[in-house]
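Each chain is listed here by its residues.
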Amino acid sequence: ETTVVIEGGAPRANSYFGVEIRAGAHDNLIGGAGPAARNLIGSNDHSGVFIQGANTTHNTVAGSWIGADASGQAPLGNQVAGVMISGGAHDNQIGGAGQGNLIAANDVGIYLDGAVGTLIAGNTIGLAADGRAPLGNGSGGIFAVNGSRANQIGGADAGLRNVIGSNGAANSAFGQGIYLSDPGTSDNLVLGNYIGTDTSGI
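Notes on the structure in this doc start here. These figures come from a predicted structure and were not determined experimentally. (Residues numbered from 1 in each chain as written. Predicted model: local features only at pLDDT ≥ 70, side-chain atom pairs only at ≥ 80, totals over all residues. Heavy atoms only, no water.)

1. Describing the packing of aromatic side chains
In this description, an aromatic ring pair is defined by two values, namely the gap between the centres and the angle between the planes. Our working rule: Only rings of Phe, Tyr and Trp enter the pairing, Trp through its six-membered ring, and a pair is recorded when the two centres are within 6.5 Å. The plane angle decides the type: under 30 degrees is stacked, over 60 is edge-to-face, the rest tilted. The helix count covers DSSP runs of H or I at least four residues long, the strand count covers runs of E at least two residues long, and both are numbered beginning at the N terminus. Three labels apply to residues, based on accessible area from a 1.4 Å probe with only protein chains included: buried if under 20% of the type maximum, exposed if over 50%, partly exposed otherwise in between. Only when the NZ of Lys or the CZ of Arg is both within 6 Å of the ring centre and within 35 degrees of the ring normal is a charge said to sit over the ring.
Across all of its chains, the model carries six aromatic pairs by this definition. Between the aromatic rings of F17 and F50, the centroid separation amounts to 4.2 Å while the plane-to-plane angle is 5°, which identifies the pairing as stacked. Here F17, found in the loop between β2 (10–11) and β3 (19–22), pairs with F50, found in strand β6 (residues 47–52); they are 33 residues apart in sequence, far enough to count as distant. The class for F17 is buried, based on a relative accessible area of 11%. Since its relative accessible area comes to 9%, F50 is described here as buried. Site record: aromatic cluster; members linked through ring pairs are Y111, F143, F174 and Y179. Above the face of the W65 ring, R38 is positioned so that its terminal group lies 3.8 Å from the ring centre. When the ring centre of Y194 is taken as reference, the NZ or CZ atom of R161 above it lies at 4.0 Å.

The structure is reproduced here in structure tokens:
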């Protein structure tokens, strides 16, 4: 379990990533189903979880609160992304049925930068733990850019639904729930999500 220790009201930030997985690391689980397995990953100077490299595969980030404090209601955002997957890392998973993450109050919630075959499912992105109060990521919910391809955001089963709302800030040039850009960003699938609502669909 990864936690940020707060003394005197100040977050004790790591100077780069909260958790870094790279260089061919594979089949690792960050978090899991249920509160006992939950990681609290916040206030890092770059990203909460960073997964990088063409041979870095089949890692799962599950059941964690990334960018929210231990109450799930207040911001403890990471400076760049809640979760970033880059450099051709493939077949990794963020969330899943019954093991979604709360990803809130970061600059970008999930940033795919040349990621391949990622499953993003069952997450709450931009809302507090109650699924209603806004706790938005400042620039947007999910970005897929720079040749990210064959990724799946959501799913036909309700358990795979992401709830993506309240993202963007007044001073941001972005603010999308889901943003796909660049010519090589292709063959991505977006389905079954609630975008611009709370967890009830309202």
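2. Examining the pattern of salt bridges
Note the threshold: A carboxyl oxygen of Asp or Glu within 4 Å of a side-chain nitrogen of Lys or Arg is what we treat as a salt bridge.
All told, the structure shown has two salt bridges when counted by the stated rule. Its salt-bridge partner being R22, residue E20 comes within 3.2 Å of it at the nearest N-O pair. Overall, the relative accessible area of 41% leaves E20 in the partly exposed class. A salt bridge links R132 to D198; the nearest nitrogen and oxygen atoms lie 3.8 Å apart. Of this pair, R132 sits in the loop between β14 (124–125) and β15 (140–145) while D198 sits in the segment after β20 (194–195), placing them 66 residues apart in sequence.

3. Here's the deal with the nonpolar core
What counts here: Put simply, buried Ala, Val, Leu, Ile, Met, Phe, Trp, Tyr and Cys residues joined by side-chain atoms within 4.5 Å make one nonpolar core. Residue contacts are defined here by distance: any two heavy atoms, one from each residue, within 4.5 Å place the two residues in contact.
V49, I85, I110 and I142 are the most contacted members of the largest nonpolar core, which totals 23 residues. Of all the secondary-structure elements, those providing two or more residues to this core are β3, β6, β9 (81–86), β12 (108–113) and β15. Not counting residues up to four positions away in its chain, the partners in contact with I142 are I110, I120, I125, I153, I164, G177, I178 and Y179. Counting eight residues, the second largest nonpolar core, distinct from the first, contains W65, A68, L102 and L135.

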